Amino acid sequence: MKRVVITGMGIVSPVGTGIDYAWKNLINGKSGIRKIDEFEKAGLASQIAGVPNRGEKPGDFNPDVVIDPREQRKMDNSIIYGLVAADEAIKDANLTDYDGDKTRVGVSVGSGVGGLSTIAVTEKEVFERGPRFVSPFFVPKCVINMTAGQISIKYGFQGPNIAMATACATGSHSIGEGAEIIKRGDADIMICGGTEAAACPLGMIGFAALRALSTRNDEPEKASRPWDEGRDGFVLGEGAGILVLEEYEHAKARGAKIYAEVAGFGMGADAYHITAPAPEGVGGKRSMLLALDKAGLKPADVDYVNAHGTSTGLGDVGELIAVKELFDSKKTCMSSTKSMTGHLLGAAGAIEAIFCALAIRDNIVPPTINLDNPIEEVGDFNLVPKKAQKRKVDVVLSNSFGFGGTNASLVLKRVK
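These figures come from a predicted structure and were not determined experimentally.

Peer 1: Quick rundown of the overall build of the protein? Include the residues and the values.
Peer 2: What the protein contains, in helices and strands, is 13 helices and 15 strands. The C-alpha radius of gyration of the protein comes to 20 Å, within 12% of the 22 Å expected for a compact globule of 416 residues. Looking at the protein as a whole, 60% of its 416 residues are labelled buried. Look at the contacts in the protein between residues 6 or more apart in sequence, and 78% of them connect residues 24 or more apart. Only carbon and sulfur atoms are counted for the fraction: they give 51% of the accessible area of the protein, which is about 16300 Å². In the protein, the 47 positive side-chain charges and the 51 negative ones have mean positions that sit 2 Å from each other.

Have a look at this one:
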């Protein structure tokens, strides 16, 4: 059986652009959620989001250093985020000038909703100015597979090229399926992850209509509070996470740096409801068990769980019940990094997989901030409240659960 390892990572996130900056802020419990000022928000029920800060300081999001500004006009923000994160990941993996067989290098990068803001803006232009003012790049800016396409075009990667669109499980599904492509021998390297740019007026209005978003507008940094009695919904986030996955022997042969092994991948469906999770997290529990089984591991082997943990009423409780049934609180801890990043929808699982790999590298687990008054179901389970914890981390499980009842779990482990 082929083994798959992570040899490069890149991130654009509310807590920073670039692995070092994002990880430092996360470990220090710094929230990336703020009042949105990118557009007029009068009348919006939720007026906060986790949006990358644009600027030229280290850790800021500055796409001009990666993409010509003229080319950016042909792209939705979701594509721009993905290309910037991919640039860092590919450089990190020392693949920028890769001279191997590029038909053996593929891309698996998806999005939950794709070019939503581009669709909304273009429709407005049609009604206000007429159809002849629609850009010929409208469709290429919107389709969900275009980030994967643009990455392959920029770097000449000619291997398998796919794009998942499984709502909030997209990033994890993209990584899991990328690993499966390598395991079955169809590629040596896969560029994997997710990207999202849905914190636009239409996205904010749509999720608010579901009564899914927090309206703690006066305290944005305290709005995302998984497992806290005061939670009132999730906070929308934007960004991208890209990981370079590589067949283990191939990585060793070229002397690649290795962060962790993608040891297991489980997925399945609740078959229950379009937005609500199945009671007591039974679908997520199956997904976790499948991932552990494929990894050849038991729940007792897991040191840390990076929760889906969105800060919603039903979701938080269901996942917590499932995790407590599977894992021993004396051995395993769990936290939600969404307490700091907000919920990046299709990019969430990808940036969280990055955080899991870094937890293994540094033997530290990021905190769940804003956990002031834990719900009764928490009991004595260690949710890493407020401060990161130094501890031995060899095996990590990451959960992503999406609308439609789609579930994904990834198991990463230290390569020894």
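Peer 1: I'd love a proper account of the packing of aromatic side chains, names of residues and values included.
Peer 2: What characterises a pair of aromatic rings is the spacing of the ring centres plus the angle enclosed by the ring planes. In this structure the tally under the stated criterion is 5 aromatic pairs. The interplanar angle of 25° and the centroid separation of 6.3 Å between the aromatic rings of Trp23 and Phe355 together place this pair among those described as stacked. Pair noted here: Trp23 is in helix H1 (residues 19-27) and Phe355 is in helix H13 (residues 348-362), with a separation of 332 residues, a long-range link. Both residues of the pair, Trp23 and Phe355, count as buried. Ring geometry for Phe207 and Phe403: centres 6.4 Å apart, planes at 45°, overall tilted. Of this pair, Phe207 sits in helix H8 (residues 201-209) while Phe403 is found in the loop between strand E14 (395-402) and strand E15 (406-413), placing the two residues 196 residues apart along the sequence. Ring-pair connections join several aromatic residues into one group, and the members of that group are Phe207, Phe234 and Phe403. Above the plane of the ring of Tyr248 lies Arg3, whose end atom (NZ or CZ) is 4.3 Å from the centre.

Peer 1: An account of the packing of helix H3 (residues 77-92) against helix H6 (residues 146-155) is requested, with residue identities and associated values reported.
Peer 2: If you want to describe how two helices pack, look at the angle between their axes and the distance between the axes. Axis separation between H3 and H6 bottoms out at 9 Å; the angle between their running directions is 45°. Put simply, H3 runs oblique to H6. The handedness of the crossing between H3 and H6 is right-handed. Contacts between H3 and H6 pair Ser78, Ile79, Gly82, Leu83, Ala86, Asp87 and Ile90 from the former with Met146, Thr147, Gln150, Ile151, Lys154 and Tyr155 from the latter. Among the residues forming the contact of H3 with H6, the class breakdown is 7 nonpolar, 4 polar and 2 charged.

Peer 1: So what's going on with the environment of Glu219? Which residues, and what values?
Peer 2: Within the fold, Glu219 resides in the loop between H8 and strand E8 (239-247). Residue classification places Glu219 among the partly exposed positions, given a relative accessible area of 33%. On a C-alpha basis, the gap between Glu219 and Ile33 in space is 9.4 Å, while along the polypeptide they are 186 residues apart.

So, how was this worked out
- Residues numbered from 1 in each chain as written.
- Predicted model: local features only at pLDDT ≥ 70, side-chain atom pairs only at ≥ 80, totals over all residues.
- Heavy atoms only, no water.
- Helix = DSSP H or I, 4+ residues; strand = E, 2+ residues; numbered from the N terminus.
- Rg over C-alpha atoms; globule rule 2.2 N^0.38 Å.
- Buried < 20%, exposed > 50% of the residue type's maximum accessible area, 1.4 Å probe, protein only.
- Contact = heavy atoms within 4.5 Å.
- Areas by Shrake-Rupley, 256 points an atom, 1.4 Å probe, with all protein chains shown as cover.
- Lys, Arg positive; Asp, Glu negative; His and termini not counted.
- Charge placed at Lys NZ, Arg CZ, Asp CG, Glu CD.
- Phe/Tyr/Trp six-rings, centres within 6.5 Å; stacked < 30°, edge-to-face > 60°.
- Lys NZ or Arg CZ within 6 Å of the ring centre and 35° of its normal.
- Axes fitted to C-alpha atoms, helices over the stretch in contact; angles between N-to-C directions.
- Parallel < 35°, antiparallel > 145°, perpendicular 65-115°, else oblique.
- Left-handed = near helix turned anticlockwise from the far one by under 90°.
- Nonpolar A, V, L, I, M, F, W, Y, C, P; charged D, E, K, R; others polar.

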